[in-house]
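Architecture and fold: a report
Chain by chain, the residues run as shown.
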Amino acid sequence: MTTIDAIIKKRKTQKILAESSWTSDLSDNELQSLVSELLDLAAHAPYHYRAHENHNSKALNSCLPYRAYILNTKKCRETATYMSDHDVKAGKIKNLLLSSNALLLFTWLPETHEENKDGARHVTFEGNIKNMEHIAAASAAIQNVLLGATAREIPNYWSTGGPLRTDQLKNYLGIPVDEIVMGSIFLYPKDAELRNPRIIPGAMRNEGKEINTWSKWV
C-alpha cells in the first residue's frame, strides 16, 4: 500500500520539450513491450456501460467505451513534420512529439452522433449519465497508464491534445472523427531530464492539496 501511495504522489505533470528530434533510448521491441504493459493496465479500469455498437469497426470492436491509438518514435517525428509541412498551429505539441518515445492517444466514445445527408458522422453528444460514465471510464484508464509509467520510472505527460483533437490530425492518424480525444499521453526517455531540454512543470501541482478545502464528513 505504501508503494501505491508513493507512485500516486510521485506522478507529476511535466512538459519535456525538444527543439530537434531525439533518439529513443528503447528498441522497437522494448517500446512495444512497454506500451503493451501499459495498455493492459488501461484495460483493467472500471467501466459501467458498453460502447455503442456504432463505434465498432473490423479492427476495433471492444465493448470498452474508449480506444487508444499508439504512435511509436518514428510516427511521433513524422507527425511533427506533418504539422510543419501543413502549417498546423502545433504550439508545444510539436516539441513534445520531438522528445517522446511514444504517444498514446486515448479517445472516448460518445453514445450519440448525428449524420449529415452525405452519411458523414460528426461529434456531438448529450449530457446524459451514459456519456458521463464513458468519460469517467476513459479517465480511469488514462490514470492507470500514467501510474504504470511512473512506476516504471518512465517520465510521462498527459495533455488533452490541442491540435491532435482536430479533424485534420484525426484523419491523418486514422482516428474516427466521431471519437473524442481526451488524453494524449507522451512517454519520454528515462534520461530525458539529462538531455538539457526545456521543461515546464505542472502549474497547479502544489495547489488543492488541503483536504479540508474540498471534502467534509457527512
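Up top is the structure these notes are about.
A short tour of the structure in this document, coming up. (Residues numbered from 1 in each chain as written. Predicted model: local features only at pLDDT ≥ 70, side-chain atom pairs only at ≥ 80, totals over all residues. Heavy atoms only, no water.)

When helices and strands are tallied, the protein shows six helices and eight strands. Listed by position from the N terminus, the elements making up the protein come as α-β-α-β-α-α-β-β-β-α-β-α-β-β. At 18 Å, the protein has a C-alpha radius of gyration in line with the 17 Å of a compact globule built from 218 residues. Dimensions of the protein, computed from the C-alpha atoms along their principal axes, are close to 55 × 55 × 30 Å. By the burial criterion, 39% of the 218 residues in the protein qualify as buried. Put simply, 77% of the contacts in the protein that link residues at least 6 apart link residues at least 24 apart. Element-wise, carbon and sulfur atoms account for 52% of the exposed surface of the protein, whose accessible area totals about 12,600 Å². (Helix = DSSP H or I, 4+ residues; strand = E, 2+ residues; numbered from the N terminus. Rg over C-alpha atoms; globule rule 2.2 N^0.38 Å. Buried < 20%, exposed > 50% of the residue type's maximum accessible area, 1.4 Å probe, protein only. Contact = heavy atoms within 4.5 Å. Areas by Shrake-Rupley, 256 points an atom, 1.4 Å probe, with all protein chains shown as cover.)

Moving on: the nonpolar core. The biggest cluster of nonpolar side chains holds 27 residues, and the ones touching the most others in it are Met83, Leu97, Leu103, Leu105, Leu164 and Phe186. Secondary-structure elements contributing two or more residues to this core are strand 1 (14-17), strand 2 (66-71), helix 3 (73-85), helix 4 (93-99), strand 3 (102-108), helix 6 (167-173) and strand 7 (180-187). In contact with Leu164, not counting residues within four places along its chain, are Met83, Ile93, Leu103, Leu105, Leu169, Lys170, Leu173, Val181, Ser184 and Phe186. In this structure, Ala45, Ala138, Ile180 and Ile185 belong to the second largest nonpolar core, which totals 25 residues. (Core = buried A, V, L, I, M, F, W, Y, C linked by side-chain atoms within 4.5 Å.)

On to the environment of Gly162, then. When you line up the elements, Gly162 lands in the loop between strand 6 (156-159) and helix 6. By relative accessible area, Gly162 is classed as partly exposed at 40%. Separated by 72 residues in the primary sequence, Gly162 and Ala90 place their C-alpha atoms 7.6 Å from one another.

Our focus in this paragraph is the sheet that holds strand 6. Note: strands within a sheet are paired through backbone hydrogen bonds, in either parallel or antiparallel orientation. Taken together, the four strands give an open sheet; going across it, the order is 2-3-7-6, and neighbouring strands pair in antiparallel fashion. In this open sheet, the two edge strands, each paired with only one partner strand, are strand 2 and strand 6. For this sheet, the mean angle separating the axes of adjacent strands, direction not counted, is 20°. Sheet analysis places strand 6 next to strand 7, joined by four bridges and oriented antiparallel. By the bridge assignment for strand 7, Ser159 is matched with Ser184. Most of the contacts of helix 3 go to strand 2, to which it runs at about 85°, and overall it touches strand 2 and strand 3. (Pairing = 2+ DSSP bridges. Axes fitted to C-alpha atoms, helices over the stretch in contact; angles between N-to-C directions.)

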